[in-house]
Amino acid sequence: MIMKQIIDLSFSLLLFVWVGTSISVAANVQQVDQIQSAQCPHAPQAYKGKKKCGFDKKKFKHELTVFITKESGMNVNEARAFFPVFFEMRESMRHIEQQKERALRTAAKNNMAERDCKRVLNEMQELDKKRARIEAQYMARLQKMVGARKLLKAIDADKRFGRRLFKQMTKPNKK
């Protein structure tokens, strides 16, 4: 039962990390402006112990935006330019990963012939190549906006934020 909850939470985190939310980026940047002087939530306590259905997408995206902005040293104008493209990139990557998963699940469920399985593997390789091309295009755009140093710091901050949140969500509650 606990393992299923951990798997559910893990899946939710991975899904939400790649899912763009409906909140407008302009609202996020405005909130970043307002919170610029606030302390950065290195380990956002708001998510600790939350159940899958209690996950707040807007709060997650906002805290991620604030964390990346602070950790990468972006100014407000850079953040305004960066985050719409950043979240657009995440959405396109998520879409490609969904296509790969769909192809894999279909092949596994249908007990396909060897020839068909090879076709699915080739399709997955093509999707990987497409993902790499798209990622390279977005990285070039983002680098032009904020520079290589800040882009690397932003990528690192994004990964650290996700790992910390994942650890908090999978940590057993101590009573």
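Higher on the page you've got the structure.
What you are looking at is a predicted structure, and each value in this text was computed from that prediction instead of being measured.

**Q** So what exactly am I meant to see when it comes to the packing of helix 3 (residues 57-72) against helix 4 (residues 76-109) here?
**A** Geometrically, a packed helix pair is captured by the angle between its two axes and the distance between the axes. At a closest axis distance of 12 Å, the pairing of helix 3 and helix 4 adopts a crossing angle of 125°. In terms of axis orientation, helix 3 runs oblique to helix 4. Seen along the crossing, helix 3 lies across helix 4 with a hand that is right-handed. On the side of helix 3, the interface is formed by Lys 61, Leu 64, Thr 65, Ile 68 and Thr 69, while helix 4 contributes Ala 79, Phe 82, Phe 83, Phe 86, Phe 87 and Arg 90.

**Q** What am I meant to see in the pattern of salt bridges here?
**A** Opposite charge on two side chains makes pairing possible when the charged atoms of those side chains draw close. As enumerated under the stated definition, the model contains 12 salt bridges in all. Notably, a salt bridge pairs Glu 126 with Lys 129, separated by 3.5 Å at the nearest N-O pair. Residue Glu 126 and its partner Lys 129 are located together in helix 5 (residues 114-146), separated by three residues, close to a single helical turn. Residue classification places Glu 126 among the partly exposed positions, given a relative accessible area of 44%. Where Glu 135 meets Arg 131, a salt bridge forms, and the shortest distance between an N and an O atom there is 3.6 Å.

**Q** Looking at this structure, how should I read the packing of helix 4 against helix 6 (residues 148-170)?
**A** At a minimum axis separation of 13 Å, helix 4 and helix 6 run at an interaxial angle of 55°. The orientation of helix 4 relative to helix 6 falls into the category oblique. Judged by the sense of rotation from one axis to the other, the crossing of helix 4 with helix 6 is right-handed. Residue-level inspection shows Glu 78, Phe 82, Phe 86 and Arg 90 of helix 4 in contact with helix 6, the latter providing Lys 150, Leu 151, Ala 154 and Asp 158. By residue class, the composition of the contact of helix 4 with helix 6 is four nonpolar, no polar and four charged.

Definitions and cut-offs
Residues numbered from 1 in each chain as written. Predicted model: local features only at pLDDT ≥ 70, side-chain atom pairs only at ≥ 80, totals over all residues. Heavy atoms only, no water. Axes fitted to C-alpha atoms, helices over the stretch in contact; angles between N-to-C directions. Helix = DSSP H or I, 4+ residues; strand = E, 2+ residues; numbered from the N terminus. Parallel < 35°, antiparallel > 145°, perpendicular 65-115°, else oblique. Left-handed = near helix turned anticlockwise from the far one by under 90°. Contact = heavy atoms within 4.5 Å. Salt bridge = Lys/Arg side-chain N within 4 Å of Asp/Glu carboxyl O. Buried < 20%, exposed > 50% of the residue type's maximum accessible area, 1.4 Å probe, protein only. Nonpolar A, V, L, I, M, F, W, Y, C, P; charged D, E, K, R; others polar.

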